[in-house]
Protein chains: 2
Amino acid sequence: MGSGKPLVGVLGGMGPLATVDFLHKLVEECQADRDQDHVPVLAWNVPQIPDRQKALTETGESPLATLQAAVRLLEAAGATRIVIPCNTAHYWFDALQAASTVPFIHIVDATLTRLRASGRSGERVGLLATRGARDSRLYQDRLDAVGIDSVVSSDEELDSLFTPGCYAVKRGSLIEGGQLLQRAAEQLLARGATRLVLACTEVPVALASIQSPLLEISVDTNRALASACVAYWQGAQPDCIGQASIADPDP
Amino acid sequence: MGSGKPLVGVLGGMGPLATVDFLHKLVEECQADRDQDHVPVLAWNVPQIPDRQKALTETGESPLATLQAAVRLLEAAGATRIVIPCNTAHYWFDALQAASTVPFIHIVDATLTRLRASGRSGERVGLLATRGARDSRLYQDRLDAVGIDSVVSSDEELDSLFTPGCYAVKRGSLIEGGQLLQRAAEQLLARGATRLVLACTEVPVALASIQSPLLEISVDTNRALASACVAYWQGAQPDCIGQASIADPDP
């Protein structure tokens, strides 16, 4: 496994709309003039996965067994990289990577690459994240390690703004979700954040649905992960170009 | 094969953006309050497939071998239905279905279901389709069989409007593509079409990008196919509901 033609395996479904948003950004981030130059991807978008937020607050079953089965499916299908377009599910990243021979791309690594490429010194990052991602310090420790200060939602902000906003997206109420999540973001800005990391992949679709001006100061972790996949594909591409070039770019 | 838990296999990549658009409509068409009630899907979105339009005009290699390999992959991964969110690729539908034990859902069947549900008598359908789909009479014969009159693009309209519009979408120039495709549609209306069938899955994304008023009189074949998948999933769902219900819908 992992030695064949490049194929990005997507461990998705968390939620299904966030996975579609990731796949859309994968097309957008890949500057390509024809179908054949886009990233080859196999997306497992099967949302029948135990709820991650509930698992991390010990009010629901662990999704690990379901995720491990999906990784085996992606491996068997020839994936050469695996990505998870869900920040909260990265709680299980190390366990999933340890049980797989296929290299995973970590969403926080992809986000740090983007943050550092466009960051200014003295910034304070506001993390829009689930309780599980906040409490497992998914972003905070890695930001600390590179000297970036961060601020997170309080318990009350999670209960009254972030979590209801996130579940509104999951039931298709994007505008309601966007308004709640924007208010959660404003609380972080009020506590000194100068920039936002949308550290839950439900957030960018919701903020986009209300054309939130906060998107301008935000790093979209789903887009950062897509960009990392494009970099992988364009670096690994030579043996595929030959196959693709049977079709001419001109109509 | 085909006897496990429901899993919609998507034979995508033709083009990659049309596949993402299909997956997005699959979420939109499924009225669901939580992640776990959405359609489980495995999407092969690998655009390194010989160009379908070129193959049908005998200026390029056939995509059949690549598509057959992808069908085998989706079968092995447990797909219980297979769909192709590309009208032109339906030229190879019968060959692909014949070689597979998994039932396929045909995009024209899905479109006819939608047309007949909302149609009025005496309508004339304008078909926005590739030359290959037009010349293989993908839609015309099936529309004839149910007594629906149709009108198609001329060779000149294909060369000057439809085909350049379609390839503009493939290189990411959605607005340019939308303008060309809208002009192609206007020609069909000028020849008596009272309704449009967007019989190429690149068309709806392009028309949406220019907020075309023609969308109001159009049947979106990608959305029709998504709707058929939702109907399949909701009909086949009982044995999955139990698995999904471990997560409660309330945060």
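Criteria and thresholds
- Residues numbered from 1 in each chain as written.
- Chains lettered and ligands numbered in written order.
- Predicted model: local features only at pLDDT ≥ 70, side-chain atom pairs only at ≥ 80, totals over all residues.
- Heavy atoms only, no water.
- Buried < 20%, exposed > 50% of the residue type's maximum accessible area, 1.4 Å probe, protein only.
- Helix = DSSP H or I, 4+ residues; strand = E, 2+ residues; numbered from the N terminus.
- Pairing = 2+ DSSP bridges.
- Right-handed = clockwise from strand over helix to strand, strands pointing away.
- Axes fitted to C-alpha atoms, helices over the stretch in contact; angles between N-to-C directions.
- Contact = heavy atoms within 4.5 Å.
- Phe/Tyr/Trp six-rings, centres within 6.5 Å; stacked < 30°, edge-to-face > 60°.
- Salt bridge = Lys/Arg side-chain N within 4 Å of Asp/Glu carboxyl O.
- Expected span 1.5 Å × (residues − 1).
- Least-squares fit on C-alpha atoms with pLDDT ≥ 70 in both.
- pLDDT = per-residue confidence, 0-100.
- Buried area = accessible area lost by both parts, 1.4 Å probe.
- Polar contact = N/O pair within 3.5 Å; in protein donor to acceptor, adjacent residues only side chain to side chain.
- Bend = angle between axes of the 7 residues up to and from the residue.

1. Points about the pairing of strand β6 (residues 195-198) of chain A
Residue and element names in this part refer to chain A. Side chains Arg195 and Val197 of β6 all project onto a buried face; the interleaved residues Leu196 and Leu198 project onto the opposite face, where all are buried too. Direction of pairing for strand β4 (residues 124-128) relative to β6: parallel, over a ladder of 4 bridges. Within β6, the position partnered with glycine 126 by the bridge is leucine 196. As paired elements, β6 and strand β7 (residues 218-220) share 3 bridges and run parallel to each other. Bridge pairing in β7 links leucine 196 to serine 218. The parallel pair β6 and β7 is bridged by helix α10 (residues 203-209), and the resulting crossover is right-handed.

2. Describing the sheet that holds strand β1 (residues 8-11) of chain A
Spatial ordering of the open sheet is given by β3(A)-β1(A)-β2(A)-β2(B)-β1(B)-β3(B), a layout of 6 strands whose pairing is mixed. Since the sheet does not close on itself, it has two edges, and those belong to β3 (81-83) of chain A together with β3 (81-83) of chain B, each with one partner. Each neighbouring strand pair of the sheet contributes to a mean axis angle of 15°, computed without reference to strand direction. Here strand β1 (residues 8-11) of chain B runs beside β3(B); their pairing, made up of 3 bridges, is parallel. Bridging from a neighbouring strand, Val10(B) pairs with Val83(B) of β3(B). Where helix α1 (residues 16-29) of chain B meets the sheet, it contacts β1, β2 (41-45) and β3 of chain B, and its direction lies at approximately 165° from that of β2(B).

3. Things to note about the packing of aromatic side chains
Residues and elements named next belong to chain A. Tallying each qualifying case throughout the model produces 4 aromatic pairs over all chains. Where tyrosine 91 meets tryptophan 92, the ring centres are 5.0 Å apart and the plane angle is 75°; that geometry is what we call edge-to-face. The exposure class of tryptophan 92 is buried, given its relative accessible area of 8%. Aromatic side chains phenylalanine 93 and phenylalanine 104 sit 5.6 Å apart centroid to centroid with 85° between the ring planes, which places their arrangement in the edge-to-face category. Remark: phenylalanine 104 occurs in the loop between α4 (93-98) and α5 (107-118) and phenylalanine 93 occurs in helix α4; sequence separation between them is 11 residues. Judged by its relative accessible area of 9%, phenylalanine 104 is buried.

4. Digging into the pattern of salt bridges
Residue and element names in this part refer to chain A. Inspection of every chain in the model, using the stated rule, returns 40 salt bridges over all chains. Put simply, aspartate 141 and arginine 137 hold a salt bridge, and the shortest N to O gap is 2.7 Å. Looking at aspartate 141, the relative accessible area reads 40%, which means it is partly exposed. For arginine 137, a relative accessible area of 35% corresponds to the partly exposed category. Connected through salt bridges with shared partners, the residues Arg131, Arg134, Asp135, Asp155 and Asp159 form a single ionic network.

5. Thoughts on helix α11 (residues 221-236) of chain A
Spanning 16 residues, α11(A) covers 23 Å between terminal C-alpha atoms, matching the ideal 22 Å at 1.5 Å per step. Buried within α11(A) are the following residues: Thr221(A), Asn222(A), Ala224(A), Leu225(A), Ala226(A), Cys229(A), Val230(A), Tyr232(A) and Trp233(A).

6. Points about the sheet that holds strand β5 (residues 149-152) of chain B
Picture the strands of a sheet paired through backbone hydrogen bonds; they go either parallel or antiparallel. All names here are of chain B. Across the sheet, 4 strands lie side by side as β5-β4-β6-β7; this open sheet has parallel pairing. Each edge of the open sheet is held by one strand with a lone partner, namely β5 and β7 (218-220). Adjacent strand axes in the sheet meet at a mean angle of 30° when their direction is disregarded. Against the sheet, helix α11 (residues 221-236) touches β6 (195-198) and β7, its axis set at about 50° to β7.

7. Here we look at the relation of the copies chain B and chain A
Overlay of chain B on chain A (RMSD 0.0 Å): rotation 180°, translation along the axis 0.0 Å. Both chain copies can therefore be described as sitting about a two-fold axis. Scanning chain B for the C-alpha nearest the rotation axis identifies Ala43(B), at a separation of 2.5 Å. Mapped onto chain A, 100% of the interface residues of chain B are again interface residues, and the two copies thus contact each other with one and the same surface.

8. Here's the deal with the confidence of the model for chain A
Residues and elements named next belong to chain A. Of all residues in chain A, 93% have pLDDT values of 70 or greater, and the mean over the chain is 91. Note that residues 239-251 has pLDDT below 50 and, in this model, 25 contacts with residues that lie over four places away or in other chains. Interface predicted TM-score (ipTM) for the complex: 0.90; the corresponding pTM is 0.90.

9. A few points about the interface of chain B and chain A
Contact with chain B, which involves 49 residues of that partner, is made by 49 residues of chain A. Note on chain B versus chain A: buried area summed over both sides is about 3700 Å², and carbon and sulfur give 62% of it. Applying the counting criterion to the chain B and chain A interface returns 4 salt bridges. For Lys170(A), the salt bridge goes to Asp35(B), with nearest N and O atoms at 2.8 Å.

10. Brief notes about the environment of His106(A)
All names here are of chain A. Along the chain, histidine 106 turns up in the loop between α4 and α5. In contact with histidine 106, other than residues within four places in its own chain, are His90, Phe93, Leu138, Arg142 and Leu225. At a separation of 3.0 Å, a polar atom in the side chain of histidine 106 contacts the main-chain amide nitrogen of valine 108.

11. Some points on helix α8 (residues 155-170) of chain A
Over its 16 residues, α8(A) runs 21 Å from end to end, which matches the ideal 22 Å to within 8%, given 1.5 Å per residue. Phe162(A) marks the point of greatest bend in α8(A), at about 35°, and the proline Pro164(A) comes within the next four residues.

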